[in-house]
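# Close look at the chain arrangement
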Amino acid sequence: MVRLLVGFAVLVGVVSALPAQEISAEEKKDGFVSLFNGKDFTGWRFTDNSATPANWKVTDGLIKLSGGGKPHLASQ
């Protein structure tokens, strides 16, 4: 069980460090729509309907949170 949890933690860490990628022409043709553009919070909202709070940033194609988890971020 411990091995499974450690493996999962490593997987989550690696995946969360991957920057946003462009979708392929085939994915676009199939109707896939990316939730995150790698640039800003377009298509996302904060639970208190505020502008982008200081603790949420997009840096190097990643969504980064520092200093607490509120407000929550959600897709629209």
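As the structure is a prediction and not an experimental result, all values here were calculated from the model.

## With respect to the environment of Ala 74
Locating Ala 74 in the fold gives a position in strand S4 (residues 73-75). Through-space distance from the C-alpha of Ala 74 to that of Phe 46 is 6.2 Å; in sequence the pair is 28 residues apart.

## Some remarks on the pairing of strand S3 (residues 62-65)
Relative to S3, strand S2 (residues 56-59) runs antiparallel, the two sharing four bridges. Residue Trp 56 lies in a different strand from S3, and its bridge partner there is Leu 65.

## As for the confidence of the model for the protein
When pLDDT is averaged along the protein, the result is 80; 74% of the residues meet or exceed 70. Looking at the elements of the protein, mean pLDDT is at its lowest for helix H1 (residues 2-16), recorded as 51, and at its highest for S2, recorded as 94.

## Side note on the packing of aromatic side chains
Per the counting criterion, the structure on display carries two aromatic pairs. Here Phe 41 and Phe 46 contribute two aromatic rings whose centre-to-centre distance is 5.4 Å and whose plane-to-plane angle is 65°, an arrangement assigned as edge-to-face. For the pair shown, Phe 41 and Phe 46 are each scored as buried.

## What about unusual backbone geometry?
Across the chain, the bulk of peptide bonds are trans and the bulk of non-glycine residues have phi less than zero. At Asp 60, a position not held by glycine, the phi torsion is positive, near 55°. Examined against the element boundaries, Asp 60 turns out to sit in the loop between S2 and S3. The exposure class of Asp 60 is exposed, given its relative accessible area of 66%.

What counts, and where the lines are drawn
Residues numbered from 1 in each chain as written. Predicted model: local features only at pLDDT ≥ 70, side-chain atom pairs only at ≥ 80, totals over all residues. Heavy atoms only, no water. Helix = DSSP H or I, 4+ residues; strand = E, 2+ residues; numbered from the N terminus. Pairing = 2+ DSSP bridges. pLDDT = per-residue confidence, 0-100. Phe/Tyr/Trp six-rings, centres within 6.5 Å; stacked < 30°, edge-to-face > 60°. Buried < 20%, exposed > 50% of the residue type's maximum accessible area, 1.4 Å probe, protein only.

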